[in-house]
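# Observations on the three-dimensional arrangement
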Amino acid sequence: MLTTDPFDDDHLREECGVFGIFGHPEAAAHVALGLHALQHRGQEAAGIVSFDGAHFHNHRGLGHVEDNFGNASVIGKLKGSHAVGHVRYSTTGETLLRNVQPLFAEMEFGGLALGHNGNLTNAMALRRQLVRRGCLFQSTTDTEVIIHLIAISLYSTVEDRLIDALRQIEGAYSLVAATKDTVFGVRDPLGIRPLCLGRLDKAWILASESCALDIIGAEFVRDVEPGEIVVLSADGIRSVKPFVKRPSRFCIFEYIYFARPDSVVEGTSVYEARKRIGSELARESLVKADVVVPVPDSGVPAAIGFAAEAGIPFELGIIRNHYVGRTFIQPTDNIRHTGVKMKHNANRPMLAGKRVILVDDSIVRGTTSRKIVEMVRQAGATEVHMRISSPPTTHSCYFGIDTPEREKLLAARYDVEGMAKLIGVDSLAFISIDGLYRAVGEPGRNGAEPQFCDACFTGDYPVDPTDYNNAQSDTKQLSLLTEDTH
């Protein structure tokens, strides 16, 4: 059974990562490196499609980028000077080979490869319409809806067909697509999901995050704008903006957890933003303590900011084992209590006899938080206070993040005092929504027109979740067909 992390279900799961390049003789090798840098965005599957001037070449597989593209012979078969790639964590559809992206289809105009980061909120409604028209679906992912909309469009050019499809879909999406002579990069009109543009010599590159440009030595050029289509071809680069301009609603959770700390998104260093979040958190909810300890690794930058603002020593009181694999053998029943210690272990000398402030990025179900707190107490901490660098997660995300149903979110069922009792801490505090906005450069949250997508904290969805409001929709699985993964 494939599991992204068998001992930690207390974080929201990353969405997906996309990468595209046009005009480089070693296109596929650069895509593979870019996907390696984006591995944190999806660990279930990876794929690359390239074009060599005559034929498309494709390799997709379950597992990590290194599992699929670590062999030089695989890269050698992906010939061509332009290519697109994708790393996946499933938010719709099962973890099966037929759902691994980029999806590829033969169209009237030739081949099309498409990779998608995000989630369409009207995919089920569109899928039913397309099936009635006779479209035959081969996957259970919402991305295939876009493929079919492009295929049935009556417009003549690929670009116009793509625009026609985009006008019909709702939700969050950053797309990379490749045809025989073009690579497209697309961002949804609200800019919920990230996408940036880079350059390496004469080649143009599209990537979910700037850290994927760094790994290949490419220069960051700019973020793709919300609602923009970037067209890369032998003629150079061209920008198309087919949508009416709307205020951006970039996902604020990218700053809290999803993006890599060394990335710069929307002009802001993720690492610096997380440190500022920690500083705001300290100003809002400081408590007397001897040491500030991050829950590794995602809590580290915020804990650094918290400790600096509070004037309390920062220590690595919890050590993370980075070698717990995604398919690590499950412990037998008689040693199942080892659980979280497979991934985290207390650094006893830094905890014993201390009043400890634990800093983490979020609490989802609360299961791992409870185990971490218990472990810190067993290491001799006299007090344990937990500080969270996000507001309480009270609502599900429908835009490409795998959140549990709302009734399984701890903050949807308990107030802060009730949550503190459940996870066993002396005190618990979350950053305020305005404090979070201040940390990312805003004076506060504009309730009438929020500057970010923060629906997981507020329930204020920037796009109507059409499918999820339809009680007849099976929103988690688009097909009843199962497949042997062996």
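Residues numbered from 1 in each chain as written. Predicted model: local features only at pLDDT ≥ 70, side-chain atom pairs only at ≥ 80, totals over all residues. Heavy atoms only, no water.

Inspection of helix H13 (residues 416-423) places Gly418, Met419, Ala420 and Ile423 among the buried residues, and these make up the whole buried set. For H13, the secondary structure elements touched by its buried residues are helix H11 (367-378), strand S21 (383-388), helix H12 (410-413) and strand S22 (427-430). With its phi angle positive at about 80°, Gly424 sits one or two positions after the end of H13. (Buried < 20%, exposed > 50% of the residue type's maximum accessible area, 1.4 Å probe, protein only. Helix = DSSP H or I, 4+ residues; strand = E, 2+ residues; numbered from the N terminus. Contact = heavy atoms within 4.5 Å.)

Residues of the protein with pLDDT of at least 70 account for 88%, and the chain-wide mean is 90. This stretch, residues 326-331, has a pLDDT under 50; its non-local contacts, to residues over four places away or in other chains, come to 16 contacts. This stretch, residues 333-337, has a pLDDT under 50; its non-local contacts, to residues over four places away or in other chains, come to two contacts. (pLDDT = per-residue confidence, 0-100.)

Attention now goes to unusual backbone geometry. Both trends apply: most residues other than glycine have a negative phi, and most peptide bonds are in trans. Residue Pro102 is bonded to the preceding Gln101 through a cis peptide linkage, with omega at 5°. Take Pro102: it is sitting in the loop between strand S4 (82-88) and strand S5 (103-107). For the peptide bond that leads from Pro296 to Asp297, omega is -5°, which places it in the cis range. The residue Asp297 is located in the loop between strand S17 (291-294) and helix H10 (300-310) in this model. Although it is not a glycine, Glu266 sits at a positive phi angle of roughly 55°. Topologically, Glu266 is positioned in the loop between strand S15 (264-265) and strand S16 (268-269).

Looking now at the pattern of salt bridges. Going through the model one piece at a time under the given rule, you end up with 19 salt bridges. When the shortest N-O distance is used, the salt bridge between Arg283 and Glu280 registers 3.2 Å. Residue Arg283 and its partner Glu280 are located together in helix H9 (residues 270-285), separated by three residues, close to a single helical turn. For Glu284, the salt bridge is made with Arg438, and the minimal N-O distance between the two is 3.3 Å. With Glu284 in helix H9 and Arg438 in helix H14 (residues 433-439), this pair connects stretches of sequence that are 154 residues apart. Owing to a relative accessible area of 32%, Glu284 belongs among the partly exposed residues under this scheme. Note on Arg438: relative accessible area 35%, which makes it partly exposed. (Salt bridge = Lys/Arg side-chain N within 4 Å of Asp/Glu carboxyl O.)

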